[in-house]
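Chains, contacts and geometry: an overview
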Amino acid sequence: MRRSIAQRFLQALIVLVGVVLLTFVMLRVVPGNPIETMMGEHADAATVARMTAELGLDQPMHRQFLRYLSSALRGDFGTSYSLGKPVSLLLKSAFRNTLYLALFAALFAWILGVACGLVCAVSKNRLPDRLFLGFSLLGISLPVFMAAMFLQYVLAFKLKWFPISGTDSWRGFVLPAAALGWNSAGQVAQMTRTSLLETLQEDYIETARAKGLGRFGVLVRHALRNAMLPVLTLMAIQFSGLLSGAVITETVFSINGVGRLMVQAISGRDIPLLQGTSLLATSVVILGSLLADCLYSVLDPRIRKEG
Amino acid sequence: MPPGKRRKTEETADLRLQSQLCEEERFWDLMRRMARENRTAVLSFILIVLVVLASLLAPVLTPYDENGMDLMHRLSPPSQDHLLGTDEGGRDELTRLLYGARVSLLIGVVPALLSLILGSALGVIAGYRGGLADAVIMRAADVTLAFPSMLLAMVIMYSLGGGIVNVFLTLTLVNWANVARVVRSRTLALKSSEFVEAARVIGVPEGRIMRRHILPNCLPTLLVLFTLNIPASILTESSLSFLGLGIQPPNASWGLMINTGRQYLYSAPWLCFAPGAAIMLIVLAFNFLGNGLLDVLDPRQRKQ
Amino acid sequence: MEHNTLEVRGLTVCFQTAKGAVRPVDDVSLKIPQGSIVGVVGESGCGKSMTARAVMGLVRSPGKITGGSVTLDGRELTSLPEKERRKLRGAEISMIFQEPMSSLNPVMKVGRQVAEAVRLHTGCSRAEARAKTLAIFREVEIPEPEARYDCYPHELSGGLRQRVLIAMAAVCRPKLLIADEPTTALDVTVEAQILKLLERLRDAGVSVLLISHDLGVIARVCDYVYVMYAGRIVEQAGTGVIFDRPQHPYTRGLFRSVASLREGAETLETIPGVVPNLLRLPAGCSFLMRCPSCPARCENEIPPLAETEPGHAVRCFLAGKEGAT
Amino acid sequence: MSEILLEARSLTKQFPAAGKKTVHAVSGVSLQIREGETLGLVGESGCGKSTLGRLMIRTLSPTSGEVLYRGQSITAMKDREFMPLRRELQLVFQDPYASLDPRMTVRDLIAEPLETWHICESRNAVTARVLELLRAVGLPEEFLRRYPQQFSGGQRQRIGIARAIAADPSFIVCDEPVSALDVSVQNQILNLLKELKASRRLTFLFISHDLSVVRYLSDRVCVMFLGRICEIGTTEEVYRNPRHPYTRFLLDAVPVPDPALRGKEIRLLKGDPPSPADPPSGCRFRTRCPFATQRCAAEEPELREIGAVRAACHHVEE
């Protein structure tokens, strides 16, 4: 097992380098000199040339890439064009907010999702199942910005239960987290339901019942642990979806997080910042899937002992 | 190695009684079964057809012009004349919604189709050929999947610029990896299945095996993927447009309508919530339909 | 008078399917005298496993027990509330399944799976349950029981897993053990060991209902045999009697098929045709389509299960009339 | 005596397994199959009999050793050279449910080998040939347009057999062709195979775990244990007078459908078969063998002539 995890780790590293390369190339095929774009039409040629040289933009692409990679390894992601601060510093403060947001959302999604999925599976094809299944599909189908705006409009603007924006206290996180978690909750609910229903078809469930366990005992002691394996992996890779949604929620609720930073970077044509935020976000996703693999092999003895 | 004594004896036979008695069905039988058993899927299908028809027949259905400004009636709330009110330019919201449906549906279908073609071609090659091709394709898919989809879409839109063609391209690039992965695992499963081994023993050439045995058996999976990719594309595009990175005016997708309506969220909430509800409904309908198809076509696939 | 551990009378299981209702178990009656092994034999889909499930009270939806009674030591089971039945399962009636590979929970240590049954029915402490589990492991001849206790199912061979399942079923000293094709998934050399084990349990006073398609297995361990075809019992007799003079055309066909294969006949005996679809059963005798000699009466009338000699009953109009040919 | 059709020369096949282990599926097996004869291959699960069957028709390639078809090594051939021989070496599968493509009609399934080898001139000729094959395996013509799911196991196995014989092969490996079937149907298929063997002069390698099934069809029998041959000889000789202890136990263990023999105490083999990923040293049967000695652990027994058969055991004498 140790070997296969090492292998996965190596694979993750390769993917990470691929990600850096991809963003690097994609952001630099944009026509025009980014310095000119940034400084507008009034920039004088001399300043543009000086800054271009300063930032190494006149060098060949592969040289630039290696330079970026080596400084990134040292934790230096360059300086933001539009905000004039080191990217690493900006990321640090933004990441905290995004992390809180994502964790709150995940907590909300997983508790709600697993509970819904359980109810569905237990009452298969009866009314509660249909109801909660529809509910979870609604969750999957609801665009994050709709959920965000709706919650903001009703609970913050009309009812004034929560602040419209800002992250001064935990109350500021409630609405964004709920809006963000909605989607994931639907996915978790569906996965829990199908996985549990499938597990309940297994032969060992029959054995457990023949042993004299009741419906509930079978569910808790035998079905749940097996059924949760795929659900747990889903949860770990859900960070990807949560980060996608964070871009929207942070914009709607004006939270200074990674997603909003990214939107700023795009509107300001700020390549270092855009590159930094992408790198951070993808790292989180890759870490998530790595975590999922580890978790799976810890929970499933069949994998634990092999390899 | 097959176990020496693998009998399909009664235990499983009994449990499979129902399906065995129904005799496994062909595609149209399955569709009919879905129609019979899954009302929601049928309703969803009807809804989708209605939306398509309504958007095509928009010029007949509404007396207003899509871009006909009427500054006397800016931001007027829903009324008899304007069922869903008017926007900041006094244009009828319902009319704009109907025309917007064309763009939004197109944005759902075209990238879903493109990514399906790209993804399944690469997936089959990766799965069947294995080796270097597999490694390269799958690492590329890993890199794509390492991006949160919004993020990747934003970066690509940034480098390509706005416009509907670029939106198609972007969404294709965002979605292909998922398709490739699913198709690859399906291909791997089929490749090791006994009937493909049987074809190989008979001497059927590789190309023909892929065409006659692998691809047809992937079709149900592909249909499901297609149906579920449409809502995913619509959602991503609407999020992009919401941030002002997607479709550019004068083309109006539902996402873009929300983006412009957002400034009036507190004074004219219908400008956001009407297109929002439209997106939700159509996405919900596609998801219901997709899940219905999944249930009848590919019951095993659900787990992953 | 001998005492019957289990008595089943007129048991019927019904399945609602999209294409109509079917009865995989139709009016089945059987008895298991205490301390004997009773076999139910038949081909795939004849309803033998479903009968076992119905006795256990484990018929899955959309299946339903629609009639008949099941009594264990004189106590009616079908009318018992689920809570009461549950207490009986694993304690007084237990069951082992065909697939030792998939019948154990893959993420739970096998020892704990057995101990779970002990704790469930006796409410004893963890340590006691462990001790009892180890004792039963020794009894079913699992080598190195202490080490096996902490193994996961995938670490054990098929034979060992089947032993674990038998241990789980026997640990609470049930009155009745139902074995559903317990050796089908195993190799012959291991099969012989498992059958030996069943006989030892029988000698210890457990009544066994053995379900199998293999006449060899039935002949080796059973005292009394029921033959099922398309949901109904078509013939029943003591093992010696039924192998000596089978009367139902299906039983005869089955026995001849096996015998011709063993004796190396030039052309093997077969039963023509295929097992009928339960949805399209004929109104009369279900063996109608494959029967070499059937009078017109068989088409519309289900023959009754009639005794031809003491302890030997056959569901055929011709039974006893033309004698054993 | 007829000529040797197929010969295996010290065939070995190893598969990589989890945890850097190797599964020794087949280890140094040599045997010959003469034209027109049926060789039965028996053994318990995991003894490598299916692997051996697939090595013989080159759907798997051996780790070492070679297979000769009419004296020509098919192991050494390039794919292109082997191609014409492909149609000579066919396989009937164990599982009639998995081995037929569910999306093809019976006609297309049986026509596939005909079309692959361009055996028939026109579409109509193909259909006519398919009908002929259907009759040959005892299926009615109206099955032509149906799909395999609509049939029972026995009927599907007939379709599988029709596919295997469609291109007139000379050698067919039957890999447990009846183990998924009920007794009454099993006999129908065995009768069919015997009939085809005679009418088409086929050579069979018949793989089964079921000793009585093997006995019915085979001229000679080969008993395998854990990747090695224990005993090989004419069917009569092996069944009447088994030499190798494993063969004896195997024959003893089969439950006999005769209640009169119940009282007879049968000798039981202890324990489970060892794992092919971790075979014992020396004689592979020694961990279960009651006669095992030091020599069995140290020295691997070779196949040698013992009376009319060949067996691999240190302790068996004439």
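Up top you'll find the structure we're talking about.
Scoring rules and cut-offs
Residues numbered from 1 in each chain as written. Chains lettered and ligands numbered in written order. Predicted model: local features only at pLDDT ≥ 70, side-chain atom pairs only at ≥ 80, totals over all residues. Heavy atoms only, no water. Contact = heavy atoms within 4.5 Å. Buried area = accessible area lost by both parts, 1.4 Å probe. Salt bridge = Lys/Arg side-chain N within 4 Å of Asp/Glu carboxyl O. Polar contact = N/O pair within 3.5 Å; in protein donor to acceptor, adjacent residues only side chain to side chain. Helix = DSSP H or I, 4+ residues; strand = E, 2+ residues; numbered from the N terminus. Nonpolar A, V, L, I, M, F, W, Y, C, P; charged D, E, K, R; others polar. Buried < 20%, exposed > 50% of the residue type's maximum accessible area, 1.4 Å probe, protein only. Pairing = 2+ DSSP bridges. Axes fitted to C-alpha atoms, helices over the stretch in contact; angles between N-to-C directions. Parallel < 35°, antiparallel > 145°, perpendicular 65-115°, else oblique. Left-handed = near helix turned anticlockwise from the far one by under 90°. Core = buried A, V, L, I, M, F, W, Y, C linked by side-chain atoms within 4.5 Å.

1. Description of the interface of chain C and chain A
- Between chain C and chain A, the residue contacts involve 31 residues of the former and 23 residues of the latter.
- Taken over both partners, the interface formed by chain C and chain A buries close to 2,400 Å², and the fraction arising from carbon and sulfur atoms is 51%.
- It is C:R60, C:V107 and C:E116 that lose the most area in chain C upon contact with chain A, and together they represent 26% of the buried surface on that side.
- Where chain C touches chain A, the interface holds five salt bridges.
- For C:R53, the salt bridge identified is with A:E206, shortest N-O distance 2.7 Å.
- The interface formed by chain C and chain A includes 16 residue pairs in polar contact (both at pLDDT 80 or more).
- Put simply, the parts of the chain that give the side of chain C that touches chain A at least two residues each are α1 (48-56), α2 (82-88), β6 (93-96), α3 (110-122) and α6 (158-170) of chain C.
- Examining the composition of the side of chain C that touches chain A, we find that six residues originate from one element, α3(C), more than from any other.
- Residue composition of the side of chain C that touches chain A, grouped by class: 14 nonpolar, eight polar and nine charged.

2. Digging into the pairing of strand β8 (residues 207-212) of chain C
Residue and element names in this part refer to chain C.
- With six of its six residues buried, β8 lies for the most part within the structure.
- Along β8, one buried face is formed by S207, L209 and I211 and the opposite face, lined by V208, L210 and S212, is buried too.
- Relative to β8, strand β3 (residues 37-41) runs parallel, the two sharing five bridges. Note on β8: the bridge partner recorded for G39 is L210.
- Direction of pairing for strand β7 (residues 176-180) relative to β8: parallel, over a ladder of five bridges. Residue pairing for β8: L176 is matched across the bridge by S207.

3. A word on unusual backbone geometry
All names here are of chain D.
- Positioned with a positive phi, D168 is a non-glycine residue whose angle comes to about 50°.
- Position of D168 relative to the elements: it lies in the loop between α5 (153-165) and β7 (171-175).
- Take D168: its relative accessible area is 44%, and that puts it in the partly exposed class.
- Positive phi, normally seen in glycine, also occurs at L226, with a value near 50°.
- By secondary structure assignment, the location of L226 is in the loop between β9 (220-225) and β10 (228-234).

4. Some words on the environment of C:T51
Residue and element names in this part refer to chain C.
- Within the secondary structure, T51 is located in helix α1.
- A relative accessible area of 3% means that T51 is categorised as buried.
- Between the C-alpha atom of T51 and that of L11, which follows or precedes it by 40 residues, the distance is 8.1 Å.
- Among all residues touching T51, those that are not within four sequence positions of it are L11, V25, V28 and M228.

5. Details of the packing of helix α12 (residues 258-267) of chain A against helix α13 (residues 271-299) of chain A
Residue and element names in this part refer to chain A.
- The N-to-C vectors of α12 and α13 enclose an angle of 150°; their axes lie 9 Å apart at closest approach. Comparing their axes, α13 and α12 come out roughly antiparallel. Handedness of the α12/α13 crossing: left-handed. Contact with α12, carried on its side by V258, L261, M262, A265 and I266, involves L273, L274, T277, S278 and L280 of α13 and no other residues of that element.
- Taken together, the residues of the contact of α12 with α13 sort by class into eight nonpolar, two polar and no charged.

6. Side note on the nonpolar core
- In terms of nonpolar packing, the biggest core is built from 117 residues, with B:M154, B:L243, B:W254 and B:I282 touching the most fellow members.
- With 13 residues, the top contributor of residues to this core is helix α13 (residues 270-297) of chain B.
- Beyond its immediate chain neighbours, meaning those up to four positions away, B:M154 contacts A:V247, A:M262, A:V263, A:I266, B:L240, B:L243 and B:L245.

7. Comments concerning the interface of chain A and chain B
- Between chain A and chain B, the contact holds 51 residues from the first and 42 residues from the second.
- In this assembly, chain A packs against chain B so that about 4,300 Å² is buried in total across both faces, 76% of it on carbon and sulfur atoms.
- Applying the counting rule to chain A against chain B returns zero salt bridges.
- At the boundary of chain A and chain B, one finds three residue pairs in polar contact (both at pLDDT 80 or more).

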